[in-house]
Amino acid sequence: ADFDAKKKRKVAEIYRALNSDPIDVAALRRMAISEGGLLTDEIRCKVWPKLLSVNTDDLPPLPAGKELREDNKDYQQVLLDVRRSLRRFPPGMPDDQREGLQEELIDIILHVLKRNPQLHYYQGYHDIVVTFLLVVGDRLATALVEKLSTHHLRDFMDSTMDNTKHILNYLMPIIDQVNPEVHDFMQSAEVGTIFALSWLITWFGHVLSDFRHVVRLYDFFLACHPLMPIYFAAVIVLHREQEVLDCECDMASVHHLLSQIPQDLPYESLISKAGDLFVQFPPSELAKEAAQAAQAERTAASTFKDFELASVQQRPDTVLRQRFRERLRGEERLRGEERTKSILTKPRTNRFVKLAVMGLTVALGAAALAVVKSALEWAPKFELQIFP
């Protein structure tokens, strides 16, 4: 009963935010992130467009499928992927209904690609689109997916995988900040980050079998910075610390363990932790760390070389380590032992210090601490930094 009362309160709050003038998007973000997310698909139909600033009043009609499919270079691949997507539809859905939805799915994908020739289809994209189709229907899904594809998913839709690999490069530094032991173990196993690729590019839609968990995560990701899925990936690995450390320390074993995602994850607490980590170690800081480790001279060319090298080895972290060691040797020569000692013993944050309270006090002023009581209230306060 207590849960129901809480739920009712939350629904009322969401509608209050939707009906205020102007719409209180910061409150909607907070609702999408906080416990339980947006609660129902009916609410998602109203809130998701606001989170993506899509105007639902004037949605373009969908073109007929036939003209989209003729001489479309992606059609065959999309068709194959959609045919294989059976398990993404609710079990027990009648065949003809599912087949109708699969046709709509093909049309939405081809429509977005046709209108945005700079976007390239990738396998797994249909896993994201089908989630929107099932929640909001084809017309609204088309508008939302188009916005998402030109923003959040943009890096996955380049002609090469370079940007996607670059995003995967954030995984190890996040793990390193929270749990050096797990990080070093994965490092020794040389497992790389490819196990998390399908998580990232489908927003976990491909790997989670329960649709409720998928839409809950979509609430969270739509309300956050585009890099949040990689923080969530890191939190899943950290959550499995014991299993990882008990594993044989070799690439095949660790990769196998990590690529099998457990279905009974404690989603709410992981979402809350991913939010905490984002605030404690924002991408800008991790990027600096990666770039610093990559090369002392901060030239775009040198970073690009690293990513190229990384993509060949599929072990970006190894490259970064190597660069870090080289830099240490150089600095030893330059500045003697002292300098080296300070780099090697870079202070590590106490694991999951609840929301780095010190940093927050400075950033928000002591008065704002009241707001920070709950780990899930961070979005609106950080809006300026988080949503560039």
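Treat the numbers as computed from the prediction; the structure is a model and nothing was measured.

Conventions used here
- Along each chain, numbering runs from 1 in the same order as the chain's sequence is written.
- Side-chain atom pairs in this predicted model are given and counted only at pLDDT of 80 or more, local residue features only at pLDDT of at least 70, and totals for whole chains, interfaces and linings cover all residues.
- Only hydrogens and water are removed before side-chain values are computed, so all heavy atoms of the structure are retained for them.
- Confidence of the predictor at the level of single residues is given by pLDDT, which spans 0 to 100.
- Contacts: residue pairs with any heavy atoms within 4.5 Å of one another.
- UniProt positions are given in the numbering used here, feature names are shortened, and annotations may be inferred rather than shown by experiment.
- Only DSSP runs of H or I covering at least 4 residues are called helices, and only runs of E covering at least 2 are called strands; the numbering of each starts at the N terminus.
- When accessible area is computed with a 1.4 Å probe and restricted to protein chains, residues below 20% of their type maximum are described as buried, those above 50% as exposed, and intermediate ones as partly exposed.
- Definition of a polar contact: a pair of N or O atoms within 3.5 Å, with one able to donate and the other able to accept a hydrogen when the atoms are protein atoms, and with sequence-neighbouring residues admitted only if both atoms are side-chain atoms.
- By construction, the arc corresponds to the directions joining the helix axis to the C-beta atoms.
- Angles here are taken between N-to-C directions and fall from 0 to 180 degrees, while the axes themselves are lines fitted to C-alpha atoms, restricted in helices to the stretch in contact.
- With respect to orientation, any angle under 35 degrees is reported as roughly parallel, any angle over 145 as roughly antiparallel, any angle of 65 to 115 as roughly perpendicular, and every other angle as oblique.
- Each residue receives one of three labels: charged for Asp, Glu, Lys and Arg, nonpolar for Ala, Val, Leu, Ile, Met, Phe, Trp, Tyr, Cys and Pro, and polar for the others, Gly being one of them.
- Any two rings among Phe, Tyr and Trp, with Trp reduced to its six-membered ring, count as a pair given centres within 6.5 Å; such a pair is stacked if its planes are under 30 degrees apart, edge-to-face if over 60, and tilted if neither.
- Each salt bridge in this description consists of a side-chain nitrogen of Lys or Arg and a carboxyl oxygen of Asp or Glu lying within 4 Å of one another.

Of the residues in the protein chain, 73% reach a pLDDT of 70 or more, and the chain-wide mean stands at 80. Between residues 293-317, whose pLDDT stays under 50, and residues either more than four places distant or in other chains, the model counts 37 contacts. Note on residues 337-388: pLDDT under 50 across the span, and 77 contacts to partners over four residues away in sequence or across chains.

Once that is clear, we can look at the UniProt feature "transmembrane region" (unreviewed entry) in the protein chain. In this structure's numbering, the residues bearing the UniProt feature "transmembrane region" (unreviewed entry) are residues 191-208, 220-238 and 352-372. Strand forms 0% of residues 191-208 and helix 28%; the C-alpha atoms that close the span are 22 Å apart. With 74% helix and 0% strand, residues 220-238 has end C-alpha atoms that lie 19 Å from one another.

Tracing the chain through its elements places D158 in the loop between α8 (138-150) and α9 (162-168). You can call D158 partly exposed: its relative accessible area is 24%. The spacing of D158 and Y121 is 37 residues in sequence and 8.5 Å in space, taken between C-alpha atoms. The contact partners of D158, leaving out residues within four places of it in the chain, are H120 and N163. At 3.0 Å, the side chain of D158 and the side chain of R154 are in polar contact.

With an omega of 0°, the peptide bond running from D21 to P22 counts as cis. Mapping P22 onto the fold places it in the loop between α1 (2-19) and α2 (25-33). Phi at S53 is positive, roughly 40°, even though this residue is not glycine. Inspection of the secondary structure assignment puts S53 in the loop between α3 (41-51) and α4 (65-69). Relative accessible area serves as the criterion here: at 57%, S53 is assigned to the exposed category. Here W203, not a glycine, exhibits a phi torsion of approximately 50°, which is positive. The residue W203 is located in the loop between α12 (197-201) and α13 (211-222) in this model.

Right, let's talk about helix α5 (residues 75-83) for a bit. Those residues of α5 that sit buried are Y75, V78, L79, D81 and V82. Down the axis of α5, the smallest arc covering the buried residues is 170°, so these residues share one side. Residues of α5 that are exposed and point over 90 degrees away from its buried face: Q76 and R83.

With that settled, the discussion passes to the packing of helix α10 (residues 171-178) against helix α11 (residues 180-189). At a minimum axis distance of 6 Å, the contact between α10 and α11 shows a crossing angle of 135°. Classified by the interaxial angle, the pair formed by α10 and α11 is oblique. Within the contact between the two elements, α10 uses M172, I175, D176 and V178 and α11 uses P180, V182, H183, M186 and Q187. A per-class count over the contact of α10 with α11 returns six nonpolar, two polar and one charged.

This part covers the packing of aromatic side chains. Think of a pair of aromatic rings as described by two things: how far the centres are apart, and how the planes are tilted against each other in angle. The tally for this structure, following the rule as stated, stands at 14 aromatic pairs. Considering the side-chain rings of F204 and F232, the 5.3 Å spacing of their centres and the 85° angle between planes classify their relative orientation as edge-to-face. A residue pair is termed long-range when its members are at least 10 positions apart, and F204 in the loop between α12 and α13 and F232 in helix α14 (residues 228-239) qualify at 28 residues. The same class applies to F204 and to F232, which are both buried. Members of the aromatic cluster, joined through ring pairs, are W48, F132, F195, W199, W203, F204, Y218, F220, F221 and F232.

This part is about the pattern of salt bridges. One pass over the full model with this rule turns up 15 salt bridges. Put simply, R88 and D127 hold a salt bridge, and the shortest N to O gap is 3.3 Å. You can see R88 sitting in the loop between α5 and α6 (95-115) and its partner D127 sitting in helix α7 (residues 125-136), a full 39 residues away along the chain. In this structure, R240 engages E243 in a salt bridge whose closest nitrogen and oxygen atoms are separated by 3.0 Å. Residue R240 is classed as buried on the basis of its relative accessible area, which comes to 4%. Assessed through its relative accessible area of 39%, E243 is described here as partly exposed. The structure contains a network of salt bridges with shared partners spanning D41, R44 and D219.

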